[in-house]
Each structure stands twice: as structure tokens, then as C-alpha cells.
Amino acid sequence: MTDSSLLNSELELQQQEELYQQLLLQTMGNMQTENTDSKVIRPQPGLCVKTLSEPGMRKVFINICQSNSVPPPPELSRDELIKLLQSEDPSGYRVPMSLGEPHTEIDNNSQGCTAYDVVINQEFFQMCQKDPLFQQFVILVSLEGLENKYNMELSRDWKVMKNRKFLGSVSEQNIRTKSRPVIEELQPQERSTATAKRPEFTLLVEPPDSVPEYLIAEIKLPGVLSSRSLVLDVGEDRLVLTARPSLFHLDIFHPFLTDQNNSVAQYNSSTQILTVTMPVVSS
């Protein structure tokens, strides 16, 4: 005869495990809505760049604006910039920027066109205006940022408008000011990651033989019985995982720009492997 109390207990444990799986997945899905502070700014005009979208060769104007509300990038000398541009991976240097939504405007020939507003730090913008190399660099990273965000191609044959700092009207933008860490602040006796081990992990791309669409992290967590002890933080190019109490700690950067909002995670308690699947925006 089957003991119904045992069945009920097993059912409750299964429901609890499913609940914690959902909470783990929601950790990433709610990062920006629950763990991000933001504010509305009205940037100042800077310079206007004219280029073309490919294919189609439609006019595109990029309004590079300035605001002290956007944090500056790390200090960079001219020699360091030259070395950066000559390196195999210049993406290691990031310029914080706010990329606005496209808006339709009318150019000087009364033709319709598309404009985008890009906001960078004011002091960094002023420095770029004094050196043509820095100006070209900030235009280039603005183009790449728009291409990555809106999945489009822009011509590198651009033109800086001499008598125009902005096309259209300056609009307010909602920017992130600081992100509260998803990983919880622990008490001193629990906080130390020095005693935590670095888990074995594998990074895979799918499909493996063409342009990557997904970056998949498989992390081995022997001894972790449930996802309830895991705290996961997925960023655009970073993954941080903590298994409490001080079992494992992983903090890695990867060479891809991923969509953190649509990333998902699943922990298999049988194999004790955490699988994180992250859509790739660009590499």
C-alpha cells in the first residue's frame, strides 16, 4: 500500500524546486526593472554626422550629444588610442554611451531621413573635439553601438556636418545611473569568496560553424543540491555566479555582447550542471 503522505511530501519538494528554478530565471529577466536606477536627462548638442545605411543607401544622421550624467570612459592617451586601434581586439576599451531611438527628420533637401541620438560624457566629448583622431574614434564607436543595438549596417564613409550640431530637436533620454548588484550583500562570515572554489566550466557557441546566435555556459557544481543556493548575474559581456555558502565563485568576461534580458538559466540537480543560454548580439 502506498503511503500518501510520502507522495505529498515528494510533490511539495518538486513544487519547491520548480519555484526556485523560476526565481533563478527571473533574476536576469528583472535586472533592469528591479535592480537599476535611472533618470531622465536632456543632453546638449555636440556634432552631427551624416552617413548611409547599407543596403538601401538611405540617409542616416547621427547626433552625437554630450552630458555629464553619462560616466566618462577610462583615461586614454593618444599613443594608447593608436595602439588600441592597431590591436586585434579594440573592443576591450568601452565608451559609456546612451543610444536613443530612431526618429524621422527632414534634411536640407526636404527629403525624409532617419536620425539617432548618441549621448557620451561631456568632458570626453570636448577632448575628442580637440583631436581629429579621437573624434574619428568616437564616431566609429557610435556607429558600432547603433549597429549592434539595431542590427543594421552603416557606411564608414561618413561626413561631419560643419554648420549643424544637431538634426531635429534635442529629446530627453532615460539613462541608467547605477545598477544595484544582483548578488546579495552577505554578512562578513558568509561574504568571503577566497575560500570558494572556481568551478569547471565550458563556453560553447551555437551554431558552431557560422555566425554565433547563442553563447552557452555549462558550469559544473558538484555538491550543489538545489538552485536555491545559487546567485547568478548575467551582464552584456560578463557572467558572475556564487554558490552559497562559499562553495563556488565564478567571475568571467567573454568576447561577446549578449542580450542579458533574454538570457535563461537552468540547473540540473541530477548532473549538478548549471546551463546559461545567452543570445549573442555581436562578437
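Coordinates for the structure precede this section.
Now for a description of the structure that goes with this document.

Rules used in this analysis
- Residues numbered from 1 in each chain as written.
- Predicted model: local features only at pLDDT ≥ 70, side-chain atom pairs only at ≥ 80, totals over all residues.
- Heavy atoms only, no water.
- Buried < 20%, exposed > 50% of the residue type's maximum accessible area, 1.4 Å probe, protein only.
- Helix = DSSP H or I, 4+ residues; strand = E, 2+ residues; numbered from the N terminus.
- Pairing = 2+ DSSP bridges.
- Axes fitted to C-alpha atoms, helices over the stretch in contact; angles between N-to-C directions.
- Parallel < 35°, antiparallel > 145°, perpendicular 65-115°, else oblique.
- Contact = heavy atoms within 4.5 Å.
- Nonpolar A, V, L, I, M, F, W, Y, C, P; charged D, E, K, R; others polar.
- Polar contact = N/O pair within 3.5 Å; in protein donor to acceptor, adjacent residues only side chain to side chain.
- Salt bridge = Lys/Arg side-chain N within 4 Å of Asp/Glu carboxyl O.
- Left-handed = near helix turned anticlockwise from the far one by under 90°.

It is worth spelling out the pairing of strand 12 (residues 230-234) at this point. The element strand 12 is extensively covered by neighbouring structure, given that five of its five residues are classed as buried. Across five bridges, strand 12 lies against strand 13 (residues 238-243) in antiparallel orientation. Within strand 13, the position partnered with valine 234 by the bridge is leucine 239. Linking two consecutive strands that pair antiparallel, namely strand 12 and strand 13, is a turn of three residues.

As a further point, take the packing of helix 4 (residues 122-129) against helix 5 (residues 132-150). Axis separation between helix 4 and helix 5 bottoms out at 6 Å; the angle between their running directions is 130°. In this view, helix 4 runs oblique relative to helix 5, as classed from their interaxial angle. Here helix 4 contributes Phe124, Met127, Cys128 and Gln129 to the contact with helix 5, which in turn contributes Phe134, Gln135 and Val138. Counted by class, the contact of helix 4 with helix 5 contains five nonpolar, two polar and no charged residues.

A few words now on the environment of glutamine 66. For glutamine 66, the location among the structural elements is in strand 3 (residues 58-67). Since its relative accessible area comes to 7%, glutamine 66 is described here as buried. Each C-alpha atom of the pair glutamine 66 and glutamine 44 lies 5.2 Å from the other, and the pair is 22 residues apart in sequence. The residues contacting glutamine 66, other than those within four sequence positions of it, are Pro43, Gln44, Pro45, Gly46, Val119, Ile120, Gln122, Phe125 and Gln126. In this structure the side chain of glutamine 66 is engaged in a polar contact, spanning 2.9 Å, whose partner is the backbone oxygen of proline 45. Within polar-contact distance, the side chain of glutamine 66 engages the side chain of glutamine 126 at 2.8 Å.

A few words on the pairing of strand 17 (residues 273-282). In this sheet, strand 17 lies alongside strand 11 (residues 214-220) in antiparallel orientation, the contact comprising seven bridges. Bridge assignment links isoleucine 219 to a residue of strand 17, and that residue is leucine 274.

The subject of this paragraph is the pattern of salt bridges. What the rule picks out here adds up to six salt bridges. Measuring nitrogen to oxygen at the nearest pair gives 2.7 Å for the salt bridge that ties lysine 59 to aspartate 107. Placement of the pair is lysine 59 in strand 3 and aspartate 107 in the loop between strand 5 (103-106) and strand 6 (112-121), with a sequence separation of 48 residues. Lysine 220 serves as the salt-bridge partner of glutamate 200, at 3.8 Å between the closest nitrogen and oxygen. Taken together, the residues span a long stretch of sequence, with glutamate 200 in the loop between helix 6 (188-191) and strand 10 (201-206) and lysine 220 in strand 11 at a distance of 20 residues. Note on glutamate 200: relative accessible area 55%, which makes it exposed.

Where helix 3 (residues 78-86) meets helix 5, the closest approach of the two axes is 11 Å, and the angle between their N-to-C directions is 45°. Here helix 5 runs oblique to helix 3, going by the angle between their axes. Remark: the crossing between helix 3 and helix 5 carries left-handed chirality. Contacts between helix 3 and helix 5 pair Arg78, Leu81, Ile82, Leu84 and Leu85 from the former with Leu133, Phe134 and Phe137 from the latter. Taken together, the residues of the contact of helix 3 with helix 5 break down into seven nonpolar, no polar and one charged.

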